[in-house]
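# Structural characterization, general
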Amino acid sequence: MSREIKVRGIILKKQELFEADEIITFYTKELGKIRAKAVSVKKSKSRLLGSLLNMSEVSVRLVGSEHLRIIAGASVENSHSGAWASTEKMHFFYWLAETIIKATPDEVPDPQVFLLLKKVLRILGYKEFSASSIRVLFCYTALRLVDFLGFAITIPEISLSRPGFSMSSGGIVERSESPDAIAVSGQLVEDLHLLSGSTSDELPGFLASSDELKDLLLSYVSFQIERSVHSGRYI
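So, how was this worked out
What you see as residue numbers is a count from 1 along each chain, following the sequence as written. Residues qualify for local features only when their pLDDT is at least 70, as the model is predicted, and side-chain atom pairs are given and counted only at 80 or more; totals for whole chains, interfaces and linings, by contrast, use all residues. Side-chain calculation: all heavy atoms of the structure are included, whereas hydrogens and water are not. Using a 1.4 Å probe on the protein chains alone, a residue whose accessible area is under 20% of its type maximum counts as buried, one over 50% counts as exposed, and one in between counts as partly exposed. Counting from the N terminus, the helices are the DSSP runs of H or I reaching at least four residues and the strands are the DSSP runs of E reaching at least two. Whether two strands pair comes down to DSSP finding at least two bridges between them. To obtain each axis, a line is fitted to C-alpha atoms, and for helices this fit is confined to the stretch in contact; angles are then taken between N-to-C directions over 0 to 180 degrees. Whether two residues are in contact is decided by their heavy atoms, any of which lying within 4.5 Å being enough. We count a salt bridge whenever a side-chain nitrogen from Lys or Arg sits within 4 Å of a carboxyl oxygen from Asp or Glu. Stacked, tilted and edge-to-face are the three classes assigned to paired rings of Phe, Tyr and Trp, where Trp is represented by its six-membered ring and a pair needs centres within 6.5 Å; plane angles under 30 degrees give stacked, over 60 edge-to-face, the rest tilted. Angle categories are assigned with fixed cut-offs, so that under 35 degrees is roughly parallel, over 145 is roughly antiparallel, 65 to 115 is roughly perpendicular, and the rest are oblique. The span you would expect from a helix comes to 1.5 Å times its residue count less one. Whenever a nitrogen or oxygen atom comes within 3.5 Å of another N or O atom, the pair is scored as a polar contact, on the condition that within protein one atom can donate a hydrogen and the other can accept it, and that pairs from neighbouring residues in sequence are kept only if both atoms are in side chains.

## Focus: the pairing of strand E2 (residues 21-28)
The buried count for E2 comes to eight of eight residues, which makes it a mostly enclosed element. Across the two faces of E2 the burial is the same, with Asp 21, Ile 23, Thr 25 and Tyr 27 and Glu 22, Ile 24, Phe 26 and Thr 28 all buried. Note: strand E1 (residues 5-17) against E2, eight bridges, orientation antiparallel. Residue pairing across strands places Ile 11 opposite Phe 26, the latter belonging to E2. Counting the residues between successive antiparallel strands, the hairpin from E1 to E2 contains three residues, one of them, Phe 18, with a positive phi of roughly 60°.

## Structural notes on the sheet that holds strand E5 (residues 69-78)
Backbone hydrogen bonds are what pair the strands of a sheet, in a parallel or an antiparallel way. Here five strands make up a closed barrel; going around it, the order is E1-E2-E3-E5-E4 and the pairing mixed. Strand-to-strand twist of the sheet, defined as the mean angle between neighbouring strand axes without regard to direction, takes the value 50°. In this fold helix H1 (residues 87-103) packs onto E1, E2 and strand E3 (32-38), with an angle of close to 105° to the strand it touches most, E1. Seen against the sheet, helix H2 (residues 111-126) touches E1, E2 and strand E4 (57-63) and runs at an angle of roughly 70° to E1.

## Re the pattern of salt bridges
Tallied over the full model, the rule gives 14 salt bridges. Lys 42 serves as the salt-bridge partner of Glu 16, at 3.2 Å between the closest nitrogen and oxygen. With Glu 16 in strand E1 and Lys 42 in the loop between E3 and E4, this residue pair connects regions lying 26 residues apart in the sequence. Accessibility expressed as a relative area gives 34% for Lys 42, which makes it partly exposed. Linked through salt bridges whose partners overlap, the residues forming this network are Arg 8, Glu 57, Glu 77 and Lys 118.

## Considerations on the packing of aromatic side chains
Counted according to the given criterion, the structure contains six aromatic pairs. Ring centres of Phe 92 and Trp 95 lie 6.5 Å apart, and the angle between their planes is 20°; on these two criteria the pair is classed as stacked. Here Trp 95 and Phe 92 lie together in helix H1, a separation of three residues that amounts to about one turn. Each member of the aromatic cluster is reached from another via a ring pair, and the members are Phe 92, Trp 95 and Phe 138.

## Regarding the sheet that holds strand E7 (residues 171-174)
Read from one edge to the other, the open sheet built from three strands follows the order E7-E6-E8, with strand pairing classed as antiparallel. Lying at the two open borders of the sheet, with one neighbouring strand each, are E7 and strand E8 (182-183). In this sheet, E7 lies alongside strand E6 (residues 163-166) in antiparallel orientation, the contact comprising four bridges. Across the sheet, Pro 163 pairs through a bridge with Glu 174, a residue of E7.

## Quick notes on the packing of H1 against H2
The description of two packed helices rests on the angle between their axes and on the distance between the axes. For the pair H1 and H2, the least separation of the axes is 11 Å and the interaxial angle reads 175°. On the basis of their axis angle, the class for H1 and H2 is roughly antiparallel. Between H1 and H2, the residues in contact are Lys 89, Phe 92, Phe 93, Leu 96 and Ile 100 and Val 113, Leu 117, Val 120, Leu 121 and Leu 124, respectively.

## Brief notes about H2
Look at H2: 23 Å from first C-alpha to last across 16 residues, which is about the 22 Å you get at 1.5 Å a residue. What H2 keeps buried is the set Val 113, Phe 114, Leu 116, Leu 117, Val 120, Leu 121, Ile 123 and Leu 124. Close packing links the buried residues of H2 with E1, E2, E4, H1 and helix H3 (131-149). N-cap assignment for H2: the residue whose side-chain oxygen lies 3.0 Å from the backbone N of Gln 112 is Asp 110.

Structural data, given as structure tokens:
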């Protein structure tokens, strides 16, 4: 008989499987990214009905091997219902979820990534956001995520006469010193400094370079993980 394990995770993605089953992708505190099968979850009498919604933080009992885990039970710890309050919030979460799915290996836990997910969902759940403040949160989250994934952006302390961003070097450089550097504004460099010293609870309300920085970070993440993150087009 297979051993039962208990994990706590955030639901990143749901995929239909046959008529009544689903494959659920979680990012868990204990195991990192995992996938598990929810058997007959769409049936009206399923014990799992209503407990496996996107964005929810859940406690889950799993059975089976790591190649095909089965969800034996689930209870909702936090539905993060406020994160569904606007299209902008949902699009942001979908980008974060898709990026984590594509950038992280299966069953390799990273407590920092799990905690970042929790913080972002908490913020999305209780705050009202304008389009500009969503972009600030996106830029902050993307900076933290690339740091945790091992390709942090380098930001020089000294000012540069002709600042550029090098994908291969992973940061701000003098344009003349890197053949692949693209021109960036001095304001973008200032905003990177500002965000790097911020916490999730004390984010600036506005970034003058938010559109420029957002596009740069979207490109940088895709470059580093060597995969397109399609939901980024909606941010």
